[in-house]
Amino acid sequence: MSQLRVAIAGSTGSIGRQTLEVIKAHDDDYVVTALAVGSAVDLVVEQAKYFKPLVVVVADEHARRQVAEQLPDVCVVDDLVSIVDVADVVMNGVVGFAGLPVTLETLRQGKRLGLANKESLIAAGPIVQPLRSVSGATLVPVDSEHCAIHQCLRSSLDHSEVARLILTASGGPFRGRTPESLRAVSVTDALAHPTWKMGPKITVDSSTLMNKGLEVIEAHELFNIDFDNIEVVVHPQSIVHSMVEFTDGSTIAQLSQPDMRLPIGYALAYPHRIATPFGRIDWTQLSTLEFETPDTTTFPCLSIAYEAGRRGGTAPACISAANEIAVDAFLLGRIMWSDIAMVVEHALHHHKTWQPTTIDDVLAADADGRRLAQEALVA
Ligand code: MG
């Protein structure tokens, strides 16, 4: 049997490293043909020596020269989208807006895309959507919630039978806290996620519920469901990864351990399933599954994201960009945790929304979100 060729954008990040773990466990079925990173020299060299890809992309010029010296037999280049040429499946685990070109090129070439880069779909939905109808192009979400919904929807043949999508949220490290008690939380507090092991940006987003807000927009884009029919429920155990309610009142849920290797394996094997469970649910240990309403007073980012989603056009691109700036500033100790929502809200309320039709439109909206966020930071 021939192996499926896999390219990984963002191979040294959390999703990238876990994708390599899954492939390592299934090296009869998959071969890594390309790795792409920003500037992590040592780790990408180590990965390349083990997986022997044809192509390694390094964005940073200085880092690229160092990688090229250490990998004389590998084609080391700067062009991120070149990874698509040598792959059957592309895993896009790039953090932030920089992941957009990989998303576009993979779909354009009619290949399968494992999409963990939520910003590209949120910011550039109107640009990405038409490419999904390219022959062979398949978008499989690598996000536990959207992967869950993707699985639940396979139980229905007719899209009009879907009544509601219910996204679950762990609630993050600050669930149950009051706004006052969160005034002075530290970066370390925000990075202490109770159930998921993820990169720093998404972990902070999880603590503000912005992650869930962006996921609501992503669900709207992926599954074409109105914002009025997408709900969020807090589920601290992170075992139910999301649910779909159908018109007859039946709800189908997807349950598994909170381990990103499951959605990664799902995207690699789709429409089949890989043979490694990466942690089964032990029903003798699992006694409680709790659900509660999200607290949008303490976590206003969720409402801000709904507002941006309903406004549509360039508004999601604007808040996604503003949020990147705000989270960076928080991680650098420049602003407090509670300022993140304030910065993003400032950007949304001062952004003049229009309907993007080109990548330049999306770039302009992204730039405007960053500019407005910077404006709020210095204010
Ligand atoms: Mg998620």
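Residues numbered from 1 in each chain as written. Predicted model: local features only at pLDDT ≥ 70, side-chain atom pairs only at ≥ 80, totals over all residues. Heavy atoms only, no water.

### A few points about the overall build of the protein chain
As a reminder, the rule being used: Going along the chain from the N terminus, every DSSP run of H or I of four or more residues is numbered as a helix, and every run of E of two or more is numbered as a strand. All radius of gyration figures rest on C-alpha atoms, and the globule criterion is 2.2 Å times the number of residues raised to 0.38. Each accessible area value is a Shrake-Rupley result obtained with a 1.4 Å probe; residue values ignore everything except the protein chains displayed when judging cover. Lys and Arg are tallied as positive, Asp and Glu as negative. Neither His nor the chain termini are counted. A single reference atom marks each charge: NZ on Lys, CZ on Arg, CG on Asp, CD on Glu.
Helices and strands together make up the secondary structure of the protein chain, namely 14 helices and eleven strands. For 379 residues, the compact-globule estimate of 2.2 N^0.38 gives 21 Å, and the protein chain sits close to it at 20 Å. Taken along its principal axes, the extent of the C-alpha atoms in the protein chain is 55 × 50 × 40 Å. Summed over all atoms, the accessible surface of the protein chain reaches about 15,900 Å², with 51% contributed by carbon and sulfur. Considering the protein chain, the positive charge centre built from 29 side chains and the negative charge centre built from 46 side chains are found 3 Å apart.

### Regarding the side chain of His26
The cut-off we apply is this: Each residue is assigned to one of three classes by its accessible area relative to the maximum for its type, calculated with a 1.4 Å probe on protein chains only: buried under 20%, partly exposed between the two thresholds, exposed over 50%. By definition, residues are in contact when any of their heavy atoms lie within 4.5 Å.
Looking at where His26 falls in the secondary structure, it is placed in the loop between helix H1 (14-25) and strand E2 (30-37). For His26, a relative accessible area of 7% translates into the label buried. Among residues more than four places away in sequence, those in contact with His26 are Ile274, Ala275 and Thr276.

### A closer look at the coordination of the magnesium ion
When a metal holds four donors in a tetrahedron, each ideal angle between them is 109.5 degrees; when it holds six in an octahedron, the ideal angles are 90 or 180 degrees. For clarity, the cut-off: Counted as donors are the N, O and S atoms within 2.8 Å of the metal, or 3.2 Å for Na, K and Ca, while water is not among the atoms, so some sites may look incomplete.
Here the magnesium ion is held by Asp143 (OD), Glu145 (OE) and Glu215 (OE), and the distances to it run 2.1 Å. Sequence positions of the donors to the magnesium ion reduce to the motif D-x1-E-x69-E. Pair noted here: Glu145 is in helix H6 (residues 144-153) and Glu215 is in helix H9 (residues 210-223), with a separation of 70 residues, a long-range link. Here Glu145 and Glu215 have matching classes, each one buried.

### Comments concerning the environment of Thr358
Its location among the elements puts Thr358 in the loop between helix H13 (339-350) and helix H14 (359-378). Residues Thr358 and Ala63 lie 295 residues apart in sequence; the distance between their C-alpha atoms is 32 Å.

### Looking at the sheet that holds strand E10 (residues 240-246)
Strand pairs in the sheet, formed through backbone hydrogen bonds, run parallel or antiparallel to each other. What counts here: Strands were regarded as paired on the criterion that DSSP finds at least two bridges between them. Only C-alpha atoms enter the line fits that serve as axes; for helices the fit covers just the stretch in contact. Angles between N-to-C directions range over 0 to 180 degrees.
With respect to topology, four strands assemble into an open sheet ordered E9-E8-E10-E11, the strand pairing being mixed. At either margin of the open sheet sits one strand with a lone partner, and together these are strand E9 (230-234) and strand E11 (251-255). Each strand axis lies, on average, 20 degrees off the axis of its neighbour in the sheet, ignoring direction. The strands that H9 touches are strand E8 (162-169) and E9; relative to E8, the one it contacts most, it runs at about 150 degrees.

### Remarks on the packing of aromatic side chains
Definition in use: Stacked, edge-to-face and tilted are the three classes for Phe, Tyr and Trp ring pairs, Trp counted by its six-membered ring, which pair at centre distances within 6.5 Å; planes under 30 degrees apart are stacked, over 60 edge-to-face, the rest tilted. We count a charge as sitting over a ring when the NZ of a lysine or the CZ of an arginine lies within 6 Å of the ring centre and within 35 degrees of the ring normal.
Summed over all chains, the structure comprises five aromatic pairs. Centroid distance Phe174 to Trp337: 5.2 Å. Interplanar angle 90 degrees. Geometry classified as edge-to-face. Within this pair, whereas Phe174 is found in the loop between E8 and helix H7 (187-190), its partner Trp337 is found in the loop between helix H12 (315-331) and H13, the two being separated by 163 residues in sequence. For Phe174, a relative accessible area of 2% gives the class buried. A ring pair is formed by Tyr266 and Tyr270, whose centres lie 5.9 Å apart and whose planes are at 55 degrees; its orientation type is tilted. Three or more aromatic residues link up through ring pairs in this structure, and these residues are Phe174, Phe299 and Trp337. The aromatic ring of Tyr50 is capped on one face by Lys24, whose charged end is 4.5 Å from the ring centroid.

### Structural notes on a nonpolar patch on the surface
Short version of the rule: Two distance rules govern patches: like charges are joined within 9 Å, and nonpolar side chains (Val, Leu, Ile, Met, Phe, Trp, Tyr) within 5 Å, applied only to residues with over 30% relative accessible area and no salt bridge. By definition, a salt bridge exists where a carboxyl oxygen of Asp or Glu is found within 4 Å of a side-chain nitrogen of Lys or Arg.
Where nonpolar side chains cluster on the molecular surface, the patch consists of Leu255, Trp283, Leu289 and Phe291 and spans about 390 Å² of accessible area. Topologically, Leu289 is positioned in the loop between helix H10 (261-269) and helix H11 (301-311). The exposure class of Leu289 is partly exposed, given its relative accessible area of 33%.

### Remarks on the pattern of salt bridges
A side chain with one charge may pair with a side chain of the opposite charge, provided their charged atoms come close. Tallying each qualifying case throughout the model produces 18 salt bridges. Here Arg65 makes a salt bridge to Glu61, at a shortest N to O gap of 3.4 Å. Note that Arg65 and Glu61 are positioned in helix H3 (residues 61-70) at a spacing of four residues, about one turn of the helix. A relative accessible area of 49% places Arg65 in the partly exposed class. The salt bridge partner of Arg371 is Glu375, with a shortest N-O separation of 3.4 Å. Residue Arg371 and its partner Glu375 are both found in helix H14; the two are separated by four residues, about one turn of the helix.

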